[in-house]
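# Architecture and fold: a report
Here is what each chain is made of, one letter per residue.
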Amino acid sequence: RDEVYTLGTNTWSTSAPQYIATQLQLIQSLPVAKSAALALGLSPASLADRLMAAGYTGNAGSGSASDGFPEELRWRLALLGLDVIESQEALLDSLKDMEPEHVVRGMISVAPIGETNLVSISAQGGDPVAVAAVANAVADAYVETNLQRKIATTADATRWLAQAGGISSFWVTE
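Here goes a summary of the coordinates provided. (Residues numbered from 1 in each chain as written. Predicted model: local features only at pLDDT ≥ 70, side-chain atom pairs only at ≥ 80, totals over all residues. Heavy atoms only, no water.)

## Here's the deal with the overall build of the protein
Looking only at helices and strands, one finds eight helices and three strands in the protein. Accessible surface for the protein amounts to roughly 9,900 Å². Of this, 57% is attributable to carbon and sulfur atoms. (Helix = DSSP H or I, 4+ residues; strand = E, 2+ residues; numbered from the N terminus. Areas by Shrake-Rupley, 256 points an atom, 1.4 Å probe, with all protein chains shown as cover.)

## A look at helix H6 (residues 88-96)
Three or more residues of H6 are buried, namely Gln88, Leu91 and Leu95. Along the axis of H6, the buried residues cluster in a sector spanning 55°; they form a single face. The outward face of H6, more than 90 degrees from its buried face, is lined by the exposed residues Glu89 and Lys96. Contact partners of the buried residues in H6: helix H4 (44-54) and helix H5 (71-79). (Buried < 20%, exposed > 50% of the residue type's maximum accessible area, 1.4 Å probe, protein only. Arc of directions from axis to C-beta. Contact = heavy atoms within 4.5 Å.)

## Overview of the pairing of strand S2 (residues 108-112)
Sheet analysis places S2 next to strand S3 (residues 118-123), joined by five bridges and oriented antiparallel. Bridged to Ala111 within S3 is Ser120. The turn joining S2 and S3, which pair antiparallel and follow one another in sequence, is formed by five residues; a positive phi near 55° is taken by Gly114. (Pairing = 2+ DSSP bridges.)

## Focus: the pattern of salt bridges
Under the definition given, this model contains five salt bridges. Arg50 serves as the salt-bridge partner of Glu72, at 3.0 Å between the closest nitrogen and oxygen. With Glu72 in helix H5 and Arg50 in helix H4, the pair connects residues that are 22 residues apart, well separated along the chain. What makes Arg50 partly exposed here is its relative accessible area of 26%. Classification of Glu72 by relative accessible area gives partly exposed; the value is 34%. Through salt bridges with shared partners, a single ionic network connects Arg50, Glu72 and Arg76. (Salt bridge = Lys/Arg side-chain N within 4 Å of Asp/Glu carboxyl O.)

## Comments concerning the packing of H4 against H6
Packed helix pairs are specified by the crossing angle of their axes together with the interaxial distance, meaning the distance between the axes. The N-to-C vectors of H4 and H6 enclose an angle of 170°; their axes lie 10 Å apart at closest approach. Taken as axis vectors, H4 and H6 run roughly antiparallel relative to one another. The handedness of the crossing between H4 and H6 is left-handed. Two secondary-structure elements touch here, H4 through Pro44, Leu47, Ala48, Leu51 and Met52 and H6 through Gln88, Leu91, Leu92 and Leu95. (Axes fitted to C-alpha atoms, helices over the stretch in contact; angles between N-to-C directions. Parallel < 35°, antiparallel > 145°, perpendicular 65-115°, else oblique. Left-handed = near helix turned anticlockwise from the far one by under 90°.)

## A look at the nonpolar core
Leu82, Val104, Ile121, Val134 and Val138 are the most contacted members of the largest nonpolar core, which has 39 residues in total. Considering every element that reaches this core, the biggest residue donor is helix H8 (residues 128-164), with nine residues. Those residues within four positions of Val134 in sequence are excluded, and the remaining contacts are Leu40, Leu79, Val104, Met107, Ile108 and Ala123. (Core = buried A, V, L, I, M, F, W, Y, C linked by side-chain atoms within 4.5 Å.)

## Things to note about the packing of helix H2 (residues 17-27) against H8
At a minimum axis distance of 10 Å, the contact between H2 and H8 shows a crossing angle of 120°. For the pair H2 and H8, the crossing hand works out as right-handed. Residue-level contacts link Gln23, Leu26 and Ile27 of H2 to Val138, Tyr142 and Asn146 of H8.

Okay, here's the thing in structure tokens:
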């Protein structure tokens, strides 16, 4: 599944090859993948809670433990490769060492689109709905991470200017 996103406005700084290369790396970074995994509900603690709430203990050898779970839990387990485990206990054990951000990061690829500020974020996997959710979650996490970085940079610059006497202190907010 491919999704297309813009990297910003067309100015020298955002159209420079170094800027585009940096943004491609940021989109594929572990912090962005971790934010995406959390947004998708893939944290081990969240999944363990959902498994316990489902109250299902396995199929007594007639399939995977996830067969009896609600769809919203099954696709998450499938995404993490845990849908073939045969008991709830084994699923819970597997979740202990699970790092879903690495799974998300391994599913995505990012490529620039021609001579533009657009990128294609692709995710690979078996379930089209799940991989679309991954691509969208990565894009959303990148946008949010970028926004938070810009807000922090602006706040730091504003504080510095206020301390240097360049602007009134009423501009400084926490």
